[in-house]
Amino acid sequence: MNTLLDLQKKLLPDLVEVLGQRYRILRFIRLMQPIGRRTLAGNLEMSERVLRSEVTFLKEQGLIEFAPTGMTLTDEGNNLLSQLEVVMKDVFQTRTMEEELKTRLGIKDVHIVPGDSDEYAWVQKEMGRTCVTLIKQRMAAENNVIAVTGGTSIAAVAEMLVPDSGLKETLFVPARGGLGEQVENQANTICATMARKAMGSYRLLHVPDQLSKEAYESLISEPSVQDILRLIQSATMVIHGIGEAEAMAIRRNSSSRVLGELKDKKAVAEAFGYYFNQSGEIIHKVLTIGLQLEDLEEIPCIIAVAGGASKAEAIEAYMKRRPNQTLVTDEGAARAILAKNEV
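No experiment lies behind these values; they were computed from the predicted model shown.

Considering the UniProt feature "domain: CggR N-terminal DNA binding" (unreviewed entry) in the protein
Moving on, step 1. Mapped onto the present numbering, the UniProt feature "domain: CggR N-terminal DNA binding" (unreviewed entry) falls on residues 18–88.
Moving on, step 2. For residues 18–88, helix accounts for 70% and strand for 11%, while the C-alpha atoms at its two ends are 12 Å apart.

Observations regarding the environment of Leu73
Moving on, step 1. Mapping Leu73 onto the fold places it in strand E2 (residues 70–73).
Moving on, step 2. Residue classification places Leu73 among the buried residues on the basis of a relative accessible area of 8%.
Moving on, step 3. Each C-alpha atom of the pair Leu73 and Val16 lies 22 Å from the other, and the pair is 57 residues apart in sequence.
Moving on, step 4. In this view, Leu73 contacts Leu26, Ile29, Arg30, Gln33, Leu63, Ile64, Asn78 and Leu81; residues no more than four positions away in its chain are not counted.

Here we look at the domain arrangement of the protein
Moving on, step 1. Along its sequence, the protein is organised into domain 1 (3–84) and domain 2 (93–339).
Moving on, step 2. Here domain 1 meets domain 2 over a buried area of about 810 Å², counting both sides, of which 57% is carbon and sulfur.
Moving on, step 3. In terms of surface lost to domain 2, no three residues of domain 1 exceed Arg27, Arg30 and Leu31, which account for 58% of the buried area on that side.
Moving on, step 4. Applying the counting criterion to the domain 1 and domain 2 interface returns one salt bridge.
Moving on, step 5. The interface formed by domain 1 and domain 2 includes two residue pairs in polar contact (both at pLDDT 80 or more).

Regarding the side chain of Asn188
Moving on, step 1. Topologically, Asn188 is positioned in helix H9 (residues 187–198).
Moving on, step 2. Here Leu205 takes part through its backbone oxygen, which lies 2.9 Å from a polar atom of the side chain of Asn188.
Moving on, step 3. With sequence-adjacent residues up to four places away left out, Asn188 is seen in contact with Pro174, Leu204, Leu205 and His206.

Let's talk about the layout of surface pockets
Moving on, step 1. Taken as a whole, the largest pocket encloses approximately 770 Å³ of empty space.
Moving on, step 2. Secondary structure elements with two or more residues in the lining of the largest pocket: helix H2 (13–32), helix H5 (75–91), helix H6 (94–105), strand E3 (109–113), helix H7 (121–137) and helix H8 (152–160).
Moving on, step 3. The residue makeup of the lining of the largest pocket, split by class, is 13 nonpolar, seven polar and ten charged.
Moving on, step 4. There are two domains that each give the lining of the largest pocket at least three residues, and those are domain 1 (3–84) and domain 2 (93–339).

Points about the pairing of strand E12 (residues 301–305)
Moving on, step 1. Burial analysis of E12 places five of its five residues in the buried class, the great majority of the element.
Moving on, step 2. Side chains of E12 alternate between two faces, with Cys301, Ile303 and Val305 and Ile302 and Ala304 buried alike.
Moving on, step 3. Bridge count between strand E7 (residues 237–240) and E12: four bridges; the pairing is parallel. For His240, the partnering residue across the bridge sits in E12 and is Ala304.
Moving on, step 4. Note that E12 and strand E13 (residues 326–330) share three bridges and pair parallel. For Val305, the partnering residue across the bridge sits in E13 and is Val328.

Examining H6
Moving on, step 1. The end-to-end C-alpha separation of H6 is 16 Å, in line with the 16 Å expected for twelve residues at 1.5 Å each.
Moving on, step 2. In the stretch just after H6, Gly106 is the one whose phi turns positive, near 65°.

Some points on the side chain of Glu261
Moving on, step 1. Within the fold, Glu261 resides in helix H13 (residues 256–264).
Moving on, step 2. Leaving out residues up to four positions away in the same chain, Glu261 has contacts with Ile283 and His284.

Definitions and cut-offs
Residues numbered from 1 in each chain as written. Predicted model: local features only at pLDDT ≥ 70, side-chain atom pairs only at ≥ 80, totals over all residues. Heavy atoms only, no water. UniProt positions renumbered as here; feature names shortened; annotations may be inferred. Helix = DSSP H or I, 4+ residues; strand = E, 2+ residues; numbered from the N terminus. Buried < 20%, exposed > 50% of the residue type's maximum accessible area, 1.4 Å probe, protein only. Contact = heavy atoms within 4.5 Å. Domains from an automatic or database assignment. Buried area = accessible area lost by both parts, 1.4 Å probe. Salt bridge = Lys/Arg side-chain N within 4 Å of Asp/Glu carboxyl O. Polar contact = N/O pair within 3.5 Å; in protein donor to acceptor, adjacent residues only side chain to side chain. 1 Å grid on protein atoms, 1.4 Å probe; cavity = no way out; pocket = protein on both sides within 12 Å on 5 of 7 lines; lining within 4 Å. Points joined across faces, edges and corners; volume = space filled by probe spheres on them. Nonpolar A, V, L, I, M, F, W, Y, C, P; charged D, E, K, R; others polar. Pairing = 2+ DSSP bridges. Expected span 1.5 Å × (residues − 1).

See the structure below:
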């Protein structure tokens, strides 16, 4: 396959370019369907004239359908796109990048989607869709408990979930308390959304994300909190994001003292209420109820979802701490990490 692609790139470079363009069109329609031509052209940064020619061709091939509400993929289009994704990893050299990043970070598995979520919001949805595929592939045979954190990346995973009979018996739980941010990005909301879309069940954790010592000691002794905490710690899978340290501290309304400490100690990453420096060392921890780093040692499947070139440093720092995880990221973050390490 690689030899054939190399020959095509040299002898028929236009063929590979057209293939890539039509692949991007099909992929974006799948993410945003139904979608109008003007919106599609704007998001793909193509002229409407060029796009009109392309979608007309794809319609004639039976891959997409036109309707008053917009364009959608046909069943044949969905099947073709699934097969094409395997080929395009070689065309765009994504597979090589995945292997390089896996070696660089010393982690078990890496999945890279094209694009940079810092520039295009739809790339985050593509990461969400990839994560959903991994969830379905890696589910235990029974008694599945999936713990999820908050954040926009994990909200995108919830958005991409669709009803699935294999998920009906799954229990979704929040990995942590609320962050005090937009409700749609809180772990409780994402947990409930996932359960509804997957036709599973859920339990919620009604506590703040960070607590005073007195509040923590009071809440942790509550029977209802202990009950949900046992469920969270028994999770068979964890889906979580990775944040930039300063951005997460600000979202938590951290004190000026904490912000100063994070800056002085050069914090770059945050996950599960822990802040890490470039070496992956813990330099600050928020007192919170929910999953702790030590709890992850007993959980068989952990998937981190984070992308965008701006998060490259945070991803690399956190992964130095958690070598056995699976990472779902985008091309922007992957290229930034690899470029930094080449310098």
